[in-house]
Every structure is written in C-alpha cells, then in structure tokens.
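An overview of the molecular structure
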Amino acid sequence: MRLGFLAPVLTFAVIAAVMAYALFFLNPKEIPSELVSKPAPEFKLDPVPDYGPGLETAHVKGGKITLLNVFASWCVACMVEHPTLMELSKGGKVEIFGLNYKDKPDAAAKWLGKHGDPYSRTGMDLNGRVGINFGVYGVPETFIMGPDGTIIDKIIGPITEKDLKTRILPRIQGSDS
Amino acid sequence: MTAEIGQFSLVLALFVALLQGIVPLVGAYRQNASLMNFASSASLVQFLATTVAFIALTVAYVSSDFSVLNVVKNSHSLKPMLYKISGVWGNHEGSLLLWVWILALFGFAVAAFGRNLPGSLKARVLAIQGLIGVGFLLFVLFTSNPFERIDPAPFDGKGLNPLLQDPGLAFHPPFLYLGYVGLSITFSFAIAALIEGKVDPAWARWVRPWTLAAWGFLTIGIALGSWWAYYELGWGGWWFWDPVENASFMPWLVATALLHSAIVVEKRDTLKNWTILLAIIAFSFSLLGTFLVRSGVLNSVHAFATDPARGVFILGFLIVVIGGSLLLYGLRAPAMKGGGLFAPISREGALVLNNLLLSTATATVLLGTLYPIFLDAVSGAKVSVGPPFFNSTFLPLAIPLVIAIAVGPLLPWKRGDLKGALSRLKLAAFSALVIMGISWWLAEEAPILAYAGMALFAWLLVGSLVEWADRIKLFRIPLAKSWSRLKNLPRSAHGMTLAHIGVAMVVLGITASEAWQSERLGVMRPGESVTVGGYEFRFDGAEELKGPNYDYLQGSFTVFKDGDEVVQLTPEQRVYTTPPMETTEAAIWPMLSADLYAVVGEEDGKGGFATRIYHKPFISWIWIGSIVMFIGGAFSLSDRRFRVGAARKKKAMPVAQSPVAGV
C-alpha cells in the first residue's frame, strides 16, 4: 500500500533521468538529412545581380569538393558565419557556391556588396523550390558536396569553429592529397 | 542607475525569500507566534523589492536605455509603445522577472487576506512560497540577469521578434504566468498540509479559489495563444499540438481536475490524498513547461533562445521541487485519513470519473510530448509526434468526458440514481438527435465524428440548461418565485453552468470548423473572383505600403453574399527591418456563423498573387466559449463563501440552506 504512494515519485524519476540524458547528450536541432550520400538534385538558377555567373547542377560535380552555402539577406545567423566563409574563400582552399534562399534580388546584391562576397557563383532560389529539393530546413545551411556531386554532409545553422575543424577542413585536405 | 536599482532589489528579494523560507518553518515547528508572523512581513518586503525590480526594467525599456543588454537584444527605439512595454516580458530574462513578481504578489495576497487561516498553516504556506521564490531568484540572478549592462552602448536595439509584435501575444504570457504561478499557491498549500499531516474542509475552501483563479487565467492565456496562432501564422490553424502548446495545456487539464476534486474535499471530506497529489502535479507541469521551453531539449517554434547552463539549472530545480514534493507525498500521504464513503453512482463518483478522464488525457499529452525525447534517447531515431497521435488518443477521452459533464451535476452526493438523472436529460438527448438531423440535412456530408461532435454540443448545452432550470424550478412555479430562487442560488452554481456551457461552445466551434471548413488556395489576378463557402471573394489587387517599422504588401478583397457586399478584407504581408523577417497578417471577418479568412502572398511575376481563402463555420465559438468558461470561473470565485472575511460577516442565515454544489 505504501509503495503505491511512491509511484508518482518513481515515475518522475524516470522522466527526469531521460530529460537529463536529453539535455546532456542529445541535440533536437540535429536533424539528419535524408539526402546525405545521395546525388545533388537537378537545378539551374540565375545569379544574384552583379554577383558571379549562375549556378547549376554541373558546377557541384566539378571533380573536387565544394561547399554549397544557403544564405539570405534577411537571415541574421548568416552574418555570424559570414566571416568564416570569407576567410575560407580568401585562402582559396575550397570553392564556395551561394544558394540565395527566398530573397529579393536587390536586397541580396546589397547584402553581398556591404558584407563581402565569398562565393564564386551564386544562384537565386526565389520561390525556394531548389531549397526544398535539397531538404533545406532553415537558413543558413551548408552542404559539403563530393567531387561527383553527391552530398557528403550538411551543416545546419551557422558554421562553428568545431564544424570547420572536424567536418570541413579534413575533407578539403583529404581531397587535395 | 535604474538597472542597478533593479539588480539591487533582486538581490534583496533573494535574501528576504531565503529568510521567508526558513524562519516561519522553524516557527511553525516550535509553535512560536512571532517567528511565524515573520512570514507575512517577509512576503510584503519581497513583493515590494520585486516590484521595484520590475519597474526598473520597464523604465529601461520605455526610455530605450541601450546600455542594458536585454533592452538592446529585444527592443528598438522606433517600436510602438505597446511593444516596448510588452517587450519587457517578451524575452527569457524579462519573462522570468515577471514570473518572480507574480509569485511575490500572490504570496503577499495570501499573507494579506489569510487572516482567518490557522497560524501554522499560513506560516508554512508562505515559507514554501518563499523557497520557490529562492529557486527562481537564483535562476534569474545567476543565469538570466535582465539588468546586465553593455559597454559601449549601441545607438539602437535589435528589435523584438516581429511575430511577437502583436496585441494578442503581448498579453498571452502574463495570463499564462498568472495561471502557472497561481498553481504555486495550491502547491504550497498541499506541501504545508503534508507537513502538518492534516487536510480539513477549511483547507479545501482555501485551495479552491486559488485553483479557480489560476484555471481562469490559464484558460484566457491558452485562448489568446491559439487566437494569435489563428490570425498571425496565416494557415487558419489554431492548435498544433506543439510541445510548447502542450506545456501550457497539461497544467490546464490538471487544474481542471483539481478544481473538481477540491469540491469533494470541501463538501464530503474525502479524496484528500488525491487532491494533494493533483495540486503537486499541477504546479509540476507548470515547472516542466518552463523547462521544456527554455532548456533546448525540445525543438519548437515557440522556444526561447536556449542556453545549456539554464537547462541544467532548471532540471536541478525540477528534481528538487517535483522529486522532493512527490517523495514527501509518498512518505506522508499514507498517514492521511480518508473521509465519508460514497457509492460509485453519485456526485462524488461522477467527479472521480471526471478526474480519471482528465488525468488520463494529461498522461497521453505528456506521452506524446516526451515520446520523441524518449525514442531519441533509447534508439537515436528522430521522430515528431503530430496531430494524428493526439487526435486519436485525446478524442476518445474527451467524448465520454463531455457526455458525463451533463450527467454529473444531476446526481446527488453519496448515492445517486442514474436512471433518474438520465430521464431528466431526455430533452438534451432529443436536442442532440435534432441537431444531428439538422446538420445532416443542411451541411455537406462529413465524417461521422462531425455529427457526434454536434450531438455532444447540443447534449451538453441543453443538459446544463436543464440542470440550471431545475434548480430554480423554472416554469414549475410562478416566474417571480423562480426569479427569487435564482437570486438566492450561490454564485458558484451559476459559475458551473456557465463554464459547462462554455465547454459546449468550444465543442461546437472545434467540430463545425474542422468538419465543414472550405478553402481555396491559388494564384489570383486583380478582378478575379472565387466562391468559397457560399461567399464570393473578388480580388481587387495589392499594393506596397509603409508601416511604422515595416514595409508591407496589402491585398484587397471585396466579399459578396448573394450579390450584396458583405465586407472588404485587407490582408497584409509584412517585411520587418529590425530584425529582418516576414510575417503574415491574415484578414479575418468574424461572424457568429462563420469566419471569412483571407491571406495574400508573393507576386508570381505575371501580375497574379498567391492567395489563401478560408470559410470556417462557427470557429469564433472556440474563443467565445473560452471567455464564457473564464466568466464562469470568475462567477464561482465571487461566491460569498470565498470572499474575504465571509465567515465573520455571515448573517443568521445558515449556509447549509442551499444543498447545491458549485463548479
């Protein structure tokens, strides 16, 4: 009989244990992309006015590792990773393509003019259709594309120092050797 | 200076709360009156200190003091005044400050109005209130300080999330917090009762008004939130079973159960252990909601910016408060004596059934909310539990509950007569059949559940009215006599009828809008017309305009019914600059019989615009019903038995004159 009265606290203990585990070991934002290790979807987009030639599927199959960065002028988090991208492109280690997601052409051009342009090519995904095919879930996102155009990995949210060191740089160096 | 004054007041409040949490407990243990009385003075000081802190932050927002980090992050000098003020609680730090302030306000209210409470019970209640305050003040000061300065101060702020710049959402959090924190009082009473080792009807008379008030505020808070989702998100939905919505819904369900079980404690002196457990669980769900929203454990559109340090603190706090109180319950509850016995078919039995259904419903919502975390922890699979799960588990519990609401009030205490009660509900059953027939005849074909929902609405509405008419013997005695019976009926009786009718209205709104909604999504060119739900919508075009702190595209529709103009609808698509973000402002023409709902979207480049048009029958009744439920609660709360000092002002008239129960 006395044990019955302890049922609530025991139930809570289980819930608390799981939540502690979730808090320390899980990240709900990390949604695995269905598309990782699959070929890039077909697309062809016009460039952001005055910023490089347009972007299409053939470009991400250029025989080397490239980055496809999803950005928008209305995206605050994009500013956070922007210096990282500028640094990467200046070093010339990797070619970065910009997928301008659901943006206004003028706003995107102004944004690139103001903050700098790390991209060798840009494509304007005005209605977000290409983004959907890539499984874009939010902005920014960065796809690491293999030499044959398969999606090797996807980074959700701004690229962190850790992402750079563990996910991007090793792969770029790997492809050089 | 203001920020430093605020900061200092919070530290002061922390020390006072610490003393308030310890001294009266010692006093109550030693039966020392002066130590026990310290609780009241401490709660006054705590209330004043937190008030000063809250005013200090409000001043910083209103004067756009950009040397305060919190103001920089969440405000902007161009923001309208309403949102400068609502910005105070529109963010993590400020909302916690609001929480702490309401906590101190309610503690002070117990101290001020609780003169007729037994001294040791009052001291213990206030002490527990003080300890909860310590937890929250530590949390604010160490992980979420709203008064942090920034140097150098920027020229302007980053602005409030535009989705939150909305009158509905400006008042949604304060109401929810009033509800959550109101439940902290019933929690403190439950813990104090466990420490004292006794629960008497006087205890229930104190717990019930606080539960009623908390429940009423939660009702309004949840209704405001769903109303906001309805017109701001632009998809015509109003409830998404999102984890954060569930986090506010679960305390409401438990508070509803507590509201009813406290009646049994008060009238029949039984179900005490269960009521105490519900009081603990109700507040636990309030805390759990806070944890889920702020820790980053669950992903939700409503979540605050999260910080792992905060998550760890809140989880620790949850374990101490919930784990500690449930453990205390497990150890002390078995010693409590039960009260009067009752047959399964009786008012008590009906209220037990109500409690069983409500707590099972809460359990299913909890399961659906936490299941993704459990599965992720066990197998690493990522899933989201959506409306199909909740609809298929929640509805089978809600349907019998609604059927029983009409029956319960007709059963007498101790031993009832189900046949007699049902025979008094003949009229309700007849109306249920009639309305099923009418909706089958008039409306388009719909799933069987839709007819069941309409029948439930009529059953509950007519059933509640029959019970109310029975009490005043309407049409059976002269009207003048009925009128005098009506005036003598306790307010809680009217409150119950009103609240139950409110539930019926919500059932109508949900059923009709889900079953018979018509919609049309597509590109429209200026001059084009479509007919939705019997109304003709003519699209007159769209133009770019400038608002106070945003640019917007305004579409214009003229709506006709049988050739006569009904209304002009002007939905907007706004683009805010600080921070950059798009929001949808749906144009809604609410009528009692249906809402007309229009949204305008992007241009397709060929002169057409993306549009969404909905016709939603009876959807307003969801919110009208919620308001009626709130009014019912308020009526009940104004019952003379709960009024301050009612016991002293009592006249010669015996209270037992009215054998009826309240809500």
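This one's a predicted model, so the numbers in the text were calculated from it and none came from an experiment.

Time to look at the pairing of strand β4 (residues 550–561) of chain B. All names here are of chain B. Bridging between strand β3 (residues 535–546) and β4 involves 10 bridges; their strand directions are antiparallel. In the strand pairing of β4, L545 is matched with Y552. Remark: 3 residues form the turn of the hairpin made by β3 and β4, two consecutive strands paired antiparallel. Bridge analysis of β4 against strand β6 (residues 572–576) gives 5 bridges, and the strand direction is antiparallel. Following the sheet pairing, Q554 is matched in β6 by E572. Taken together, the 5 bridges between β4 and strand β5 (residues 564–569) define a ladder with antiparallel strand orientation. Pairing of K561 across the sheet is with D564, part of β5. Where β4 folds back on β5, the antiparallel hairpin that results is connected by 2 residues, among which D562 adopts a positive phi of roughly 50°.

Let's shift gears to the domain arrangement of chain B. Residues and elements named next belong to chain B. For chain B, the domain assignment lists domain 1 (1–160) and domain 2 (518–618). Just the C-alpha atoms count here: the centres of domain 1 and domain 2 sit 44 Å apart. On the side of domain 2, 4 residues touch domain 1, which itself brings 6 residues to the contact. Considering only residue class, the side of domain 1 that touches domain 2 consists of 2 nonpolar, 2 polar and 2 charged.

Residue and element names in this part refer to chain A. Spatial ordering of the open sheet is given by β5-β4-β3-β6-β7, a layout of 5 strands whose pairing is mixed. The sheet terminates laterally at β5 (121–125) and β7 (151–156), the two strands that pair on one side only. With strand direction ignored, the average angle separating the axes of adjacent strands in the sheet is 20°. Sheet topology places strand β3 (residues 66–71) next to strand β6 (residues 141–145); 5 bridges connect them, and they run antiparallel. Bridging across to β6, N69 finds its partner in T142.

Let us look at the sheet that holds strand β10 (residues 609–617) of chain B. Residues and elements named next belong to chain B. If you trace the 4 strands from one edge of the open sheet to the other, you get β1-β10-β9-β8, paired in antiparallel fashion. Lying at the two open borders of the sheet, with one neighbouring strand each, are β1 (518–524) and β8 (587–590). Across this sheet, the average inter-strand angle for adjacent strands is 10°, counted without regard to direction. Direction of pairing for β8 relative to strand β9 (residues 594–603): antiparallel, over a ladder of 4 bridges. Its bridge partner being in β9, W589 is matched across the sheet by L596.

All names here are of chain A. Counting buried positions along strand β4 (residues 95–101) yields 6 of 7 residues, so the element is predominantly enclosed. With 6 bridges joining them, β3 and β4 adopt parallel strand pairing. In the sheet register, N69 faces β4, and the bridge partner there is G98. Across 5 bridges, the pairing between β4 and β5 is parallel. Bridge pairing in β5 links N100 to M124. Between the parallel pair β4 and β5, the chain is carried across by helix α3 (residues 105–115), and the sense of this crossover is right-handed.

This part is about the confidence of the model for chain A. Averaged over chain A, the pLDDT score is 82; the fraction of residues at 70 or greater is 89%. For chain A, per-element mean pLDDT is lowest for helix α5 (residues 161–176) of chain A, which scores 77, and highest for β3(A), which scores 91.

Residues and elements named next belong to chain B. A positive phi angle, close to 55°, is found at Q31, a residue other than glycine. Locating Q31 in the fold gives a position in the loop between α1 (2–30) and α2 (33–62). According to the C-beta neighbour criterion, Q31 is exposed, with 11 such atoms within 10 Å. Located in the positive-phi region is F618, a residue other than glycine, with phi close to 60°. With respect to the helices and strands, the residue F618 is situated in the loop between β10 and α19 (620–637). Residue F618 is classed as buried on the basis of its C-beta count, with 23 C-beta atoms lying within 10 Å.

Let us now look at the packing of helix α5 (residues 92–113) of chain B against helix α7 (residues 167–196) of chain B. All names here are of chain B. Contact geometry of α5 with α7 gives a least axis separation of 9 Å together with a crossing angle of 45°. In terms of orientation, α5 and α7 fall into the oblique class. Between α5 and α7 lies a crossing whose hand is right-handed. Where α5 approaches α7, its residues S95, L98, W99, I102, L103, F106 and V110 are matched on the opposing element by P173, P174, Y177, L178, V181, G182, S184 and I185. Residue composition of the contact of α5 with α7, by class: 12 nonpolar, 3 polar and no charged.

Criteria and cut-off values
Residue numbers run consecutively from 1 along every chain, following the written order of its sequence. Key to labels: chains lettered from A, ligands numbered from 1, both in the order written. With the structure being a predicted model, the display of local features is reserved for residues of pLDDT at least 70 and the display and counting of side-chain atom pairs for 80 or more, all residues being used for whole-chain, interface and lining totals. Two strands are counted as paired when DSSP detects at least two bridges linking them. A run of H or I in DSSP becomes a helix once it reaches four residues, and a run of E becomes a strand once it reaches two; helices and strands are each numbered from the N terminus. Domain limits in this description derive from either an automatic procedure or a database domain assignment. Note on contacts: each residue gets a C-beta atom placed from the backbone, and two residues are in contact if those atoms are within 7 Å. All residues other than Ala, Val, Leu, Ile, Met, Phe, Trp, Tyr, Cys, Pro, Asp, Glu, Lys and Arg, Gly among them, are scored as polar; the first ten of these are nonpolar and the last four charged. Only the stretch in contact is used when fitting a helix axis, every axis being a line fitted to C-alpha atoms; angles between N-to-C directions are given from 0 to 180 degrees. Labels follow a simple rule on C-beta atoms placed from the backbone: if 20 or more others lie within 10 Å of a residue's own, it is buried; if 12 or fewer, it is exposed; otherwise it is partly exposed. By definition, the crossover connecting two strands over a helix is right-handed if that path, from the first strand to the second, turns clockwise as seen with the strands pointing away from the viewer. On a range of 0 to 100, pLDDT expresses the predictor's confidence in each residue. What sets the label is the angle itself: under 35 degrees gives roughly parallel, over 145 gives roughly antiparallel, 65 to 115 gives roughly perpendicular, and the rest give oblique. Note on convention: near helix rotated counterclockwise from far helix by under a right angle means a left-handed crossing. Clockwise means right-handed.

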